[in-house]
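# Observations on the model geometry
Here are the chains, one letter per residue:
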Amino acid sequence: QVQLVESGGGLVQAGGSLRLSCAASERIFSGDMRGWFRQAPGKERDFVAAIARSGGNTYYADSIKGRFTISRDYAKNTVNLQMNSLKPEDTGVYYCAGRLGYRSSWSSPKDYDYWGQGTQVTVSS
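A few points on the structure. All of these numbers come straight from a predicted model, not from anything done at the bench.

## Comments concerning the overall build of the chain
Counting its secondary structure elements, the chain contains one helix and 11 strands. Seen in sequence order, the chain has helices and strands lined up from the N terminus as β-β-β-α-β-β-β-β-β-β-β-β. In terms of overall size, the chain behaves like a compact globule, its C-alpha atoms giving a radius of gyration of 13 Å where 125 residues would be expected to give roughly 14 Å. A principal-axis box enclosing the C-alpha atoms of the chain has dimensions of 40 × 30 × 25 Å. A buried classification covers 43% of the 125 residues belonging to the chain. Within the chain, contacts between residues separated by at least 24 positions form 56% of all contacts whose residues are at least 6 apart in sequence.

## Some thoughts on unusual backbone geometry
Positive phi values are uncommon outside glycine, yet Asn 77 reaches one of about 55°. With respect to the helices and strands, the residue Asn 77 is situated in the loop between strand 7 (68-73) and strand 8 (78-83). Exposure remark for Asn 77: the relative accessible area of 18% places this residue in the buried category. In this structure, Ser 85 is a non-glycine residue whose phi angle is positive, near 50°. Structurally, Ser 85 is set in the loop between strand 8 and strand 9 (92-98). Classification of Ser 85 by relative accessible area gives partly exposed; the value is 40%.

## Some points on the state of the cysteines
Inspection of every chain in the model, using the stated rule, returns one disulfide. Residue Cys 22 pairs covalently with Cys 96 via a disulfide, S to S 2.0 Å. Disulfide Cys 22-Cys 96: torsion about the S-S bond near 50°, hence right-handed. Here Cys 22, found in strand 3 (residues 18-24), pairs with Cys 96, found in strand 9; they are 74 residues apart in sequence, far enough to count as distant. Neither Cys 22 nor Cys 96 differs from the other in exposure class; each is buried.

## Looking at the nonpolar core
Core analysis: the biggest nonpolar cluster contains 30 residues, and Trp 36, Val 48, Phe 68, Leu 81, Met 83 and Tyr 94 have the highest contact counts within it. Listed by contribution, the elements that provide at least two residues to this core are strand 3, strand 4 (33-39), strand 5 (45-52), strand 7, strand 8, strand 9 and strand 11 (119-124). By residue number, the principal contributor to this core is strand 5, which donates six residues. Leaving out residues up to four positions away in the same chain, Met 83 has contacts with Gly 16, Ser 17, Leu 18, Leu 20, Arg 67, Phe 68, Tyr 94 and Val 121.

## Remarks on the sheet that holds strand 7
Pairing in this open sheet of four strands is antiparallel, and the strands run 1-3-8-7 from one edge to the other. Both outer strands of the open sheet, strand 1 (4-7) and strand 7, are each paired with one neighbouring strand and no more. Taking the axes of each pair of neighbouring strands and ignoring which way they run, one obtains an average angle of 15° across the sheet. One ladder, built from four bridges, connects strand 1 with strand 3; its direction is antiparallel. Following the sheet pairing, Val 5 is matched in strand 3 by Ala 23.

Reading guide: rules and limits
- Residues numbered from 1 in each chain as written.
- Predicted model: local features only at pLDDT ≥ 70, side-chain atom pairs only at ≥ 80, totals over all residues.
- Heavy atoms only, no water.
- Helix = DSSP H or I, 4+ residues; strand = E, 2+ residues; numbered from the N terminus.
- Rg over C-alpha atoms; globule rule 2.2 N^0.38 Å.
- Buried < 20%, exposed > 50% of the residue type's maximum accessible area, 1.4 Å probe, protein only.
- Contact = heavy atoms within 4.5 Å.
- Disulfide = S-S within 2.5 Å.
- Core = buried A, V, L, I, M, F, W, Y, C linked by side-chain atoms within 4.5 Å.
- Pairing = 2+ DSSP bridges.
- Axes fitted to C-alpha atoms, helices over the stretch in contact; angles between N-to-C directions.

Honestly, it's all geometry; don't read function into it.
Have a look at this one:
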């Protein structure tokens, strides 16, 4: 069974840090790309970051570049999102995403087949 499970969300003050983790079944972990998206109330689900299977290539939304870091932990079958210097506008539900096979794009929700249940991140001012 294909599964993605996020953890690590919470409430933090502006300027603080959180680390999100996404555990995956083996099938998804071996897919070519894994991503993180976020969704604020009343808004669309937006791309945050993605990492290739090898871990060598990473991609970030402009709004979080220099503050967030995506990484893979092969021993634990997880993909992590380290979030530093958090801002109130980072508030939302964060979802990890996975897919099987290869596609040429990675920054749209349509590029992924599997989703976690989401974890809430709230940044207070």
